[in-house]
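If you want the building blocks of each chain, they are given just below.
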Amino acid sequence: MDNSEGEEDFFDAPDSFLEPLSDEGDSSASLQADHVPPPEVTVLRVGSDTVSLEFESSSSSVRYKLHVDYSCSTQRGSVDTDHYDSIDIEGLNPGTEYTFTIKRISENGTESNVTSLSVFTEPVPPAGINVSNVTGESLSLQWDPPAGEVESCIVTCCSGGETVEERTTNTNSVTFSSLKPGVSYSLQVSAQLRNRTTSTPASITVKTQTKLESLLEDLGLTPYYREKLTLSKILEIDEKTIADVPVKSKSDLPWYFLKRLMIFNVTARNMKCASVSELNCDDSSGKLDLRDLLDSPDTGDTLNPLDIITALFLCSDAFVQQEMALKMSMCQFAVPLLLPSCDTEQCTLMLWAMRDIVKKYRPPALSQSKGFIEERIVDSQVPMISFVKLGNCSSSKSEILNKLLSNSQQYHDTFVHHNMEGGDSPKRISNGLTEITWYLPGGNTNIDHFNQPVAVANLHGDIASFEAQYSFLCQTSAAVFVFFDHLDSECKILTNQNQKAQIFLVGNSESKNFSLETLENVATALDLTKNNIIIKTKQKNDADFIKCLRKKVSDVVENPQMKMPIAKMTDVAHELGILVDEDSPECQAGKKSADAITEEIQDLFLYKDEQLPLQGQIWKDLTHLEKEEFRLKKVGSEDIEMYKSDLEQQKEELRKKQNSCAMSPAMTCFINAISRPGIERCYFLKWMRMNLDNISRLKLSALRDLYKEKCKDSANKEEAKEIDRQLSNSSLGTEHFFREMGQIYEASLSLPQTDPSRQQLQHLPKLCAQLLLDGFPLELVDGDASNIPLRWVSDVLTQLNHLVSPENKIRVVTVLGVQSTGKSTLLNTMFGVQFAVSSGRCTRGAFMLLITLNEDVKREFGCDFMVIIDTEGLKSPELAQLDNSYEHDNELATLVVGLSDITIINIAMENSTEMKDILQIVVHAFLRMKEVGKKPKCQFVHQNVSDVSAHEKNLRDRKLLLEQLNEMTQAAAKMEKREENRSFTDVMEYSPDTGNCYVPGLWNGNPPMAPVNVGYSETLYELKKNIIQQLGECVSSANDLLEFKEWMTSLWNAVKHENFIFSFKNSLVADAYMKLCTEFNRWEWEFKKAMYNWVSNAETKISNFGTVAAKSQISDMEEFLTQFECDATTELSKWEKKLLGNLEEYFKQTDGHVYLVEGYKEEFKNSAKNIRRELENSVVNQLTAAADIKRGLKEVDKIKENHTKEIEKAVSELITECRKKKVQMTDGELNKEFDKMWRTTLKKMSFSELKRTDVFTDVSHYLRENDKKKGSHACQLLSRKKLQECGLESFIYKPEGFIKDITHRVRGWFNLQDLVKARQKVADNIIAACQDSVTDKTKRKTNYHNTYIQEILHMTDERLNNADVNTDIEFEISLKQHICAVAARNFQRMQEEFMQANDPKFLLDKNKEKFCADFKDVFHKRDQCQKKAEEFTEQCLKPAVEDFVYRSLGPNITEEMMRSKAFGTRTSFQGLVLLDLLSKEDFNSYLSFNSKYEDYVKTWILGQIKEHFSGASKTSGYEKEHLKLSIKNIKDGMEKANSEKSADLKTFVERICKELGDKLVISQDALGAFMILNNADREQFAGWLTESVEKMEETLKKKFEDTSFERKLEHLRVNPQTELFNRVVGCGHQCPFCEVPCEAGGGKHKDHFASLHRPQGLGRYRWENSEKLIADICTSLVISDNRFRCIATYNEWHPYKSYRDIFPNWHIPPDGSLEASDFWKYVMNKYNCYFAIAYNAKPADIPRSWKKITKQQAETSLKNSFNIS
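Residues numbered from 1 in each chain as written. Predicted model: local features only at pLDDT ≥ 70, side-chain atom pairs only at ≥ 80, totals over all residues. Heavy atoms only, no water.

### Points about the overall build of the protein chain
In step 1: What the protein chain contains, in helices and strands, is 65 helices and 35 strands.
In step 2: Across the 1765 residues of the protein chain, 54% fall into the buried class.
In step 3: In the protein chain, of all internal contacts separated by at least 6 residues, the share reaching a separation of at least 24 is 75%.
In step 4: If you sum the accessible surface of the protein chain, you get close to 77700 Å²; carbon and sulfur atoms cover 47% of it. (Helix = DSSP H or I, 4+ residues; strand = E, 2+ residues; numbered from the N terminus. Buried < 20%, exposed > 50% of the residue type's maximum accessible area, 1.4 Å probe, protein only. Contact = heavy atoms within 4.5 Å. Areas by Shrake-Rupley, 256 points an atom, 1.4 Å probe, with all protein chains shown as cover.)

### So, the sheet that holds strand β14 (residues 202–207)
Through backbone hydrogen bonds, the strands of a sheet pair up, either in parallel or in antiparallel fashion.
In step 1: Taken in spatial order, the four strands of this open sheet run β11-β10-β13-β14, and their pairing is antiparallel. Taken across any chain shown, the strands that pair with only one partner, and hence form the sheet edges, are β11 (162–169) and β14. Averaged over all pairs of adjacent strands, the angle between strand axes in this sheet comes to 20°, irrespective of strand direction.
In step 2: With eight bridges connecting them, strand β10 (residues 150–159) and strand β13 (residues 184–193) associate as antiparallel partners. (Pairing = 2+ DSSP bridges. Axes fitted to C-alpha atoms, helices over the stretch in contact; angles between N-to-C directions.)

### A short note on the sheet that holds strand β21 (residues 454–462)
In step 1: The sheet built from nine strands is open, its strands ordered β24-β23-β22-β19-β21-β20-β15-β16-β25 with mixed pairing. Bordering the open sheet on either side are β24 (533–536) and β25 (579–580), each of which pairs with just one other strand.
In step 2: Pairing of strand β15 (residues 335–341) with strand β20 (residues 434–439), which is carried by three bridges, proceeds in the antiparallel orientation. Counted as the bridge partner of Pro336 is Glu435 from β20.

### A look at the nonpolar core
In step 1: Membership of the largest hydrophobic core comes to 128 residues, with the highest contact counts inside it found for Leu337, Trp438, Leu494 and Leu505.
In step 2: When residues of this core are assigned to their parent elements, the largest contribution, seven residues, is made by helix α9 (residues 305–314).
In step 3: Trp438 has contacts with Val335, Met354, Ile357, Lys359, Ile377, Val382, Val454, Ala455, Ile566 and Met1009, leaving out every residue within four places of it along the chain.
In step 4: Grouped together as the second largest cluster of nonpolar side chains are 102 residues, Val804, Met929, Leu961 and Ala972 included. (Core = buried A, V, L, I, M, F, W, Y, C linked by side-chain atoms within 4.5 Å.)

### Concerning unusual backbone geometry
In step 1: Each neighbour pair has its own omega, and for Ser805 with Pro806 the value is 5°, a cis peptide bond.
In step 2: Counting through the fold element by element, Pro806 comes out in the loop between α28 (790–804) and β27 (809–817).
In step 3: Located in the positive-phi region is Phe264, a residue other than glycine, with phi close to 60°.
In step 4: If you trace the backbone, Phe264 turns up in the loop between α6 (253–262) and α7 (274–277).
In step 5: Of note in this structure, Gln332 is not a glycine but carries a positive phi near 60°.
In step 6: In this structure, Gln332 sits in the loop between α10 (318–330) and β15.

### Some words on helix α59 (residues 1616–1625)
In step 1: With respect to burial, α59 is a largely interior element, seven of its 10 residues being buried.
In step 2: Two to three positions downstream of the cap, the backbone nitrogen of Gln1617 sits 3.1 Å from a side-chain oxygen, assigning the N-cap of α59 to Asn1615.
In step 3: After α59 finishes, the residue Gly1626 shows a positive phi value of roughly 65°. (Polar contact = N/O pair within 3.5 Å; in protein donor to acceptor, adjacent residues only side chain to side chain.)

### Points about the side chain of His1645
In step 1: On the secondary structure map, His1645 appears in the loop between α59 and α60 (1674–1677).
In step 2: With relative accessibility at 9%, the residue His1645 sits in the buried group.
In step 3: At 3.3 Å, the side chain of His1645 and the side chain of His1648 are in polar contact.
In step 4: With residues up to four places along the chain from it excluded, the contact list for His1645 reads Glu1163, Ser1167, Arg1466, Cys1627, Cys1638 and Ala1640.

### Remarks on empty space enclosed by the protein
In step 1: Under the counting rule described, the total for this entry stands at eight cavities of 30 Å³ or more.
In step 2: If you add up the space inside the second largest cavity, you get close to 50 Å³.
In step 3: As for the second largest cavity, its lining consists of Gln1470, Leu1474, Phe1489, Val1636, Pro1637, Glu1639, Leu1652, Arg1654, Trp1720 and Phe1762. (1 Å grid on protein atoms, 1.4 Å probe; cavity = no way out; pocket = protein on both sides within 12 Å on 5 of 7 lines; lining within 4 Å. Points joined across faces, edges and corners; volume = space filled by probe spheres on them.)

### Description of the side chain of Ser406
In step 1: Tracing the sequence through the fold places Ser406 in the loop between α12 (397–405) and β20.
In step 2: Within the local environment of Ser406, its side chain forms a polar contact with the backbone oxygen of Asn402, the two atoms lying 2.7 Å apart.

### Comments concerning the packing of helix α3 (residues 211–219) against α9
In step 1: Closest axis-to-axis distance for the α3/α9 pair is 11 Å, and the angle between their directions is 95°. Here α3 lies roughly perpendicular to α9, going by the angle between them. Of α9, the residues touching α3 (which contributes Leu212, Leu215, Leu216 and Leu219) are Asp307, Ile308, Ala311 and Leu314.
In step 2: When its residues are assigned to classes, the contact of α3 with α9 shows seven nonpolar, no polar and one charged. (Parallel < 35°, antiparallel > 145°, perpendicular 65-115°, else oblique. Nonpolar A, V, L, I, M, F, W, Y, C, P; charged D, E, K, R; others polar.)

### A closer look at the pairing of strand β6 (residues 97–106)
In step 1: Of all 10 residues making up β6, seven are buried, and the element is well covered by its neighbours.
In step 2: With eight bridges joining them, strand β3 (residues 64–71) and β6 adopt antiparallel strand pairing. Looking across to β6, one finds that Asp69 is bridged to Thr101.
In step 3: Sheet topology note: the β6/strand β7 (residues 115–120) ladder contains six bridges and is antiparallel. Directly across from Ile102, in β7, lies its bridge partner Thr115.

### Structural notes on the environment of Ser1260
In step 1: Secondary-structure assignment places Ser1260 in helix α44 (residues 1255–1267).
In step 2: The partly exposed category is assigned to Ser1260, whose relative accessible area is 22%.
In step 3: Counting along the chain gives 23 residues from Ser1260 to Leu1283, while the straight-line C-alpha distance between them is 6.8 Å.

### Details of the packing of aromatic side chains
Any pair of aromatic rings gets described here by the distance separating the centres and the angle formed by the planes.
In step 1: Counted by the stated rule, this structure contains 50 aromatic pairs.
In step 2: Between Tyr1293 and Phe1371, the aromatic rings sit 5.1 Å apart at their centres with planes inclined by 90°, giving edge-to-face as the arrangement. Note that Tyr1293 is positioned in the loop between α45 (1272–1280) and α46 (1315–1339) and Phe1371 in helix α48 (residues 1369–1397), a separation of 78 residues in sequence. Like Tyr1293, the residue Phe1371 is buried in the burial classification.
In step 3: With centroids separated by 5.1 Å and ring planes inclined at 80°, the aromatic side chains of Phe1633 and Phe1684 adopt a geometry described as edge-to-face. Residue Phe1633 is located in the loop between α59 and α60, and its partner Phe1684 is located in strand β34 (residues 1683–1684); the two are separated by 51 residues in the primary sequence. In terms of burial, Phe1633 and Phe1684 fall into one category: buried. (Phe/Tyr/Trp six-rings, centres within 6.5 Å; stacked < 30°, edge-to-face > 60°.)

### Overview of the packing of helix α25 (residues 734–748) against helix α27 (residues 764–773)
Packed helix pairs are specified by the crossing angle of their axes together with the interaxial distance, meaning the distance between the axes.
In step 1: Across the interface, α25 lies against α27 with an axial gap of 10 Å and an inter-helix angle of 150°. Between α25 and α27, the interaxial angle falls into the category roughly antiparallel. The two elements α25 and α27 cross, and the hand of that crossing is left-handed. In this structure, α25 uses Phe738, Met741 and Tyr745 to contact α27, whose residues at the interface are Leu764, Pro765, Cys768 and Leu771.
In step 2: Residue classes in the contact of α25 with α27 are distributed as seven nonpolar, no polar and no charged. (Left-handed = near helix turned anticlockwise from the far one by under 90°.)

### Here we look at the pattern of salt bridges
In step 1: Within this structure, the stated rule accounts for 80 salt bridges.
In step 2: Of the charged contacts, one joins Arg1662 and Glu1667 as a salt bridge, the two residues approaching to 3.9 Å between their closest N and O atoms.
In step 3: Among the ionic contacts, a cluster of salt bridges with common partners joins Asp356, Arg376, Lys686, Arg689 and Asp693. (Salt bridge = Lys/Arg side-chain N within 4 Å of Asp/Glu carboxyl O.)

### Some remarks on a negative patch on the surface
In step 1: A cluster of acidic residues, Glu40, Glu54, Glu56 and Asp85, forms a negative patch at the surface.
In step 2: Topologically, Asp85 is positioned in the loop between β4 (76–81) and β5 (86–89). (Patch = residues over 30% accessible without salt bridge, like charges linked within 9 Å, V, L, I, M, F, W, Y side chains within 5 Å. Lys, Arg positive; Asp, Glu negative; His and termini not counted. Charge placed at Lys NZ, Arg CZ, Asp CG, Glu CD.)

### So, the environment of Ala1462
In step 1: Structurally, Ala1462 is set in the loop between α50 (1425–1458) and α51 (1466–1480).
In step 2: A relative accessible area of 9% places Ala1462 in the buried class.

### Examining α45
In step 1: For α45, every residue scored as buried is listed here: Ala1274, Leu1277 and Leu1278. Down the axis, α45 shows its buried residues gathered within 100° of arc, on one side only. Set apart from the buried face of α45 by more than 90 degrees, the exposed residues are Ser1272 and Arg1280.
In step 2: Those residues of α45 that are buried are in contact with α44 and α48. (Arc of directions from axis to C-beta.)

### Considering the confidence of the model for the protein chain
In step 1: For the protein chain, per-residue confidence averages 82 on the pLDDT scale, and 86% of positions sit at 70 or higher.
In step 2: In this model, residues 1–33 is a region of pLDDT below 50 whose contacts with residues beyond four sequence positions or in other chains number 25 contacts.
In step 3: Here residues 276–284 is a poorly scored stretch, pLDDT under 50, and it has four contacts once near neighbours within four places are set aside; other chains count. (pLDDT = per-residue confidence, 0-100.)

Here you go:
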């Protein structure tokens, strides 16, 4: 029915058409509404979020719309449409079942019946699909849960277009296993609904890991497959190195293996994770159940050791591979010959990895002579026997091989086999691995299985799968033994090979698959005889079978058809497509460079002379000259400095000779090669070492035999020396080329800096430093010349420091021991390094290696690297034939002990005599280190002690060892003149129980087939842990590389001298000492300053005692003084305790090398106690003097007070009288009346004089008391002359009695100290010091007190006792009389001035004008408030404030000067004074410095003070600060006085004075005068006083600004010049030879020393015969064989070397370098003639080298000597 028109009408109808029709409507319409048919619905389309429904057309003419309801469990909705044909419902959830209900609704609202249907929306593909846990055989797939009502997911795994596996799962993950390694798989995931509808699959492609990738991931080695493991990584010390951490996971296994392998531990291959190996053995059920014992343990989580070894070789660089192969060979493990890579199915010939293996063996031919053959194994012409298997074998081929190679008494697992730990685990990557080992005879037919050496190769896996490896073995072996259980009749693998080797078939008849017929067929095909067939039968046990097999192998070895060295197998490998590790471009480039050098070597002697000329005789001559410069053994009667100058000239000539040699072609090639990129350079050096070892080995073999013969007879000493020289020359290694490089570099340093030749070589130290970082050793000591090329090694270490800074802290471990006791092997075993190990002494000296520390360990130990130093053996037989062997060993031992933090003393127990010798050398070294402030630890290692009870059994031996050490210590102490060291524990911390380690023998059995003893490696591992732990416990901080360099330089310079202890000078020690002195000086000044302030405050209180300003309630001065003395003791004790506490804390530091100056601790403690004693004496004297003077003034003050009252009374009466006249009087009239009254009043007064002290009598008394203990002769001398007659002219010493008969002239070749001049100099210095003290006292304008003269006598005695010249009683008495007389006159004058200033009549007269003015003011009734306030301020407060400022200013100036570098320490002061002298270039200054040192220094100090404070602003800050404080105190006092509301002015003023009583000294005279006739109003006075005080502040500021600094110095109570002089002049002692002052810190040091000594001619010394000034310097003389004589030696000759016998408190070390005295050499050369004229002598003979010294060099010398930057 066509209802289009109706539809059109319907759509055009208005909105109101839906309203119900009225009853009056059309009846036909009503009828139609009753028959609305239900809709017929078809699902047109279904999407993931849309459903399209289609409706069939209705025949009804009724107009209607469609209403659709839809719902699911999570959603509900509806939609209406006017479209009759279809509808799209959107916004639905995917994969969800929806119920749809559709009905028609007519225009009148009539509804049809409902049509219902269910529809599933389409599921969407799973999202977020990802793959994890991909291994070689499995993977895991995950995805996000699909949206909707998904019942399950279908996962399909496909490969190559084929379905591998399909899974249905109701989870969102699945794991596929049993996959193939290295295969790409496509993984598809579809979501499936309940109605089995599936979504479009989501797919991802993934490749399973290869077997190698899988294993590497398990082992944690994946990062190292691309970036290979390096030696530095393996040798790095981390937490696992020092802790026994169990293997907890597979990733621990390779590190466990490497850790054990690096220490030669033969258990390295026994690897299992703890979780696997620790089986649960508890039987807690109580019921016996043995069924679980029948179950095989789960080995699924265990790895085969061969897989781990293969993985490590694949992940290591070539140098790690070589190291692993070498150490595996040492452990008698088989090493890889052909290394498979299962990923590429290629294998590699490991030729390079085996290159470094050197084997020694003894064939039967050498049995009688006990000779041996030593050769590099890859070059060795030995037959190779290979063992392979075909198919599956019931017997273990590897285990059979182990039995074949082992002795019945000494079985060893050379090859990994099924019955080893982990050996039964399936191989994952090691099938195809071909291992090789060697059987080497030892020359004993009863032990050797084979008389000739043989290589044994073992291919793991079925040869059917590894044809390339099998073919390689067939073409390179003498015989191939094929193990089988079953043979294929065709056996193509056996018949198709190009076989050069004999084939042996080894079958097992007990196998069920064994077929004798097939075997016969194969044997016939291979043309084998019965001899080539070996069958294991029931009748043959294992021993018989092994014996039979061994016989077959032996037959082949005796008559091999082929002997192909491994090095020659490369051609076969290339033909078969097998890679060769040596084919890498870097390796070949390195080999080419090395070969280019070594191929030229024909004759070693000639080659070294031509190609390495600088290290030959020239270098040895330079060494000899260097040592002679330090020892001066051949100086004879020659002038020492001339002789040293000649030596320097000879050195220059030798350097010129070196520079004249053009760089040889070999060295040019060598330097070019090591300048190549890193990896190529490493290959080159390895090739060089191996090539040179090969060449040297041939030459050394014959020489050793000859040397053995010559050493048997001591008569052949000269011949032995010659052969030793040849042995040395025959030894040629890379160290010789580096040594030559060092000499080339050192020689170039003698050229001008701009010389191109020098500039071209400046990069060499950096090259060598980089090599150190790469793990190559640096030669510290050239053993051939017994010398260190200091500049070369120092510059290398400097460059190394630049490369690693700031991570440059190091700890050092060294080893010392007798030759051939396994020192290098010990270090190699402990640290995994590779020091050269040789049975012959080819290379001598000491070498250092760097080992990196892991970041965690760095933080724990406070260092970045460990330095390992290996040394040549002490007491070597060849060196024992030489004259200086003991000296050489001592030098070496001292050096390495001095450089180390821990020294390992390696002792072989077999030879007690040698042990004693080495102990003596070692004890010498440790004693020397103790004396110079370094305390290394030591560890004794006793080799070849294998008993498990060794430690207990050797208790007696340890006690004996300690007794021997004590004995050696006493002997060494006697030789070193340090006899206070009585036992070894005096020298260092040592415990016999913990300081000894007992190490079993190296080999477990008889070499060459013996593996390393596991006890040896385990014991050394424990030793290593102990050593590292001790390093971590070191109290001192680690040295950085520059400090290590400094130690090395200082130690070596000291060992060049015969007397090490007295020759040692080190800038680190000097720097540490200077820091200690600086700190101590600071603490000392704080102590002194605090006590000065305390005393100043106490003196103020004493001055105010008994006055209105007094605060104390004590009225008795004696009690008051006692109280102060008690307080002073408390204060002194407090500061002494603080000073000693600071000292203790300072020495607890670990930084700053404090441990180096530990020996000075007691000296500084004593100095602190001495400071306290001196201050205590000074404080008590000052307090006593102040109290006594105050007591003396008490009566005078009373008189002055009474006089003032009488005057005041008279004036008051006069005022009354004048007022009575009631007339206006003029000032003139008043003046007349006042004068009349004044005269009348004074006449009535009685003026008694102050009590005077007869100063001369008092001084004479104390002088006699002082010298009473000197005896009657002293009293007689004092009585000869009155004190008043002394001191009237300058003191000139005139010897009396027998002294006059002594001829004061130079004797012999050394200036005998002139007694008269020496005593005169002493006298002058003491007089000057005493005069300074007197001046300080007189400046105070106080009264004389007897403590003053007591202080001066004490000072004189102290200086006489410390004088460097002998004095007699006549000299002492005459000097004291002079000093006391001069002092008495000064004190007399001071007393007179004091008496005058305090005379009552004088004071009255002084105040007359003031009294008159006050009289007139009162008479006229004038307001006195302002005037009196100003008067009080001006007369009372201002002088007190001024005094306070000047009392405080002295310490301020002193402290500021002390902060400057010049006054930090005595050493820095000396350096800066000399630098100042150098800059002035004024001869008179030098003359003054040398002749009148103390005067010059005092003047210089004063000049420095004036220069520093030349500007007014320099002191104004301090002045303002103290002025401000005083004004504040005054105002506070006024405020407090005001607050107490006193009506009377007098009380008000007294209260102010009382408040200021402990701060300011207010003149009582001025105060008393102020109080007279004072009628001012208190309140008005207070106001004016405030204003006056403020004005006073400004006035004083201006006054201080206008006062010159020189004028200010005169007012200071503390004299900065004196304080600074006392600090820097020190003890006042001078060098007994050149008179330089002592620079030692502290006041009570034991030894005197100076940084820089000078030519003796500068101290007026001259030669007796020629009258020429002497140019010799005492730092050279003390190491010469020359002698001296002086008054101290009673004019007898005495050797300079024993100068301490005469001057025990002077330490005069030789100059640290020849340049050290350049300053004084420069001065003497420049002013030689001037000094000669001044000293009335002839000019000195100046050495040539001195004339070349420039001013710049002199300045540099000073800065280096005094450590001035």
